[in-house]
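Spelled out, the chains give:
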Amino acid sequence: MSYNPNPLYAAPEDWRAYSGVLSRRVFAFILDYVIVALLWIPAAVVLFFLSILTLGLGFLLYPALFVIVAGIYFGLTVGGSSQASLGMRAMGIAIVRVDGRPMDFLTAIVHLALFWILNSVLTPLILLAGLFTERSRLIHDLLVGTATVRTS
């Protein structure tokens, strides 16, 4: 018996879709933030020249630039058709909504924001929740109504 891990549908009931997801999420997180850091460099250069054109007003965006780049990156990738960031694709996982609707940009941004907030408050307890919940869901997954499934 095999299952078809299509991330455009609701979270599957097959337990095999969730085995090993937590460790894959950790490695996907590392890959994604390396990618975001690499994307931050050209964004900083563009913001520098934009700041010159705006007589220095653009420099006020530098403290929030990493958050902006990460938000756009995760909003477009996780909220896109594959429902996975580049790091998640490399690790063979995707995020699905429990209600069966596809992820959208706003849901991906809320998922990311809740992850950052809860991670800053509950580190490292946020990962421990995945050991005790069904489908290895973390706290921000429970709040948003998502699950992470294997695609390979």
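Predicted model only: the values in this text are computed from it and were never measured.

Parameters at a glance
- The residue numbering used here restarts from 1 in each chain and proceeds along that chain's sequence as written.
- Local features in a predicted model are, by the rule used here, given only for residues with pLDDT of at least 70; side-chain atom pairs are given and counted only at 80 or more, and totals for whole chains, interfaces and linings are based on all residues.
- Side-chain numbers come from the whole structure's heavy atoms, not from hydrogens or water.
- Between rings of Phe, Tyr and Trp, where Trp is taken as its six-membered ring, a pair exists when centres lie within 6.5 Å; planes separated by under 30 degrees are stacked, by over 60 edge-to-face, and by other angles tilted.
- Only DSSP runs of H or I with at least four residues qualify as helices, and only runs of E with at least two residues qualify as strands; both kinds are numbered from the N terminus onward.
- The buried label goes to any residue with under 20% of its type's maximum accessible area, the exposed label to any with over 50%, and the partly exposed label to all in between, with areas taken from a 1.4 Å probe on protein chains only.
- As a rule, the C-alpha atoms of each element are fitted with a line to give its axis, helices using only the stretch in contact, and angles between N-to-C directions run from 0 to 180 degrees.
- With respect to orientation, any angle under 35 degrees is reported as roughly parallel, any angle over 145 as roughly antiparallel, any angle of 65 to 115 as roughly perpendicular, and every other angle as oblique.
- Helix crossings fall into two classes, left-handed where the near helix is turned counterclockwise from the far one by less than a right angle and right-handed where it is turned clockwise.
- Between two residues, a contact is recorded if the distance between any of their heavy atoms is within 4.5 Å.
- Note on residue categories: nonpolar means Ala, Val, Leu, Ile, Met, Phe, Trp, Tyr, Cys or Pro, charged means Asp, Glu, Lys or Arg, and polar means any other residue, Gly included.
- Using a 1 Å grid laid over the protein atoms alone, points where a 1.4 Å probe fits but cannot get out form a cavity; open sets with protein on both sides within 12 Å along at least 5 of 7 lines form a pocket; any residue with an atom within 4 Å of a point counts as lining.
- Grid points are joined across faces, edges and corners, and a volume is the space filled by probe spheres set on the points.

Student: Help me understand the packing of aromatic side chains, please; the structure alone is not making it clear to me.
Tutor: Where two aromatic rings form a pair, the distance of their centres and the angle of their planes describe that pair. The full count for this structure, using the stated rule, is eight aromatic pairs. The interplanar angle of 50° and the centroid separation of 4.7 Å between the aromatic rings of Phe29 and Tyr33 together place this pair among those described as tilted. On the criterion of helical spacing, the pair formed by Phe29 and Tyr33 is a turn pair, its members being four residues apart in helix H1 (residues 21-53). Taking the relative accessible area as the measure of exposure, Tyr33 reaches 15% and is therefore buried.

Student: In this structure, what is going on with the packing of helix H2 (residues 65-78) against helix H4 (residues 105-122)? I would like to understand it.
Tutor: Two quantities define a packed helix pair, namely the angle between the helix axes and the distance between the axes. For the pair H2 and H4, the least separation of the axes is 8 Å and the interaxial angle reads 130°. In terms of axis orientation, H2 runs oblique to H4. For the element pair H2 and H4, the recorded crossing hand is right-handed. Contacts between H2 and H4 involve Val67, Ala70, Gly71, Ile72, Phe74, Gly75, Leu76 and Val78 from the former and Phe105, Ala108, Ile109, Leu112 and Trp116 from the latter. Split by residue class, the contact of H2 with H4 holds 11 nonpolar, two polar and no charged.

Student: I keep staring at the layout of surface pockets and nothing clicks. Help me out?
Tutor: Rolled over the atoms, a probe sized like a water molecule indicates the empty space that remains. Here the largest pocket is characterised by a volume of approximately 420 Å³. Forming the boundary of the largest pocket are 23 residues, of which Arg25, Phe29, Phe115, Leu138 and His140 lie nearest the centre. Within the residue set of the lining of the largest pocket, elements represented by two or more residues are H1, H2, strand E1 (93-97), H4 and helix H5 (125-132). By residue number, the principal contributor to the lining of the largest pocket is H1, which donates six residues.

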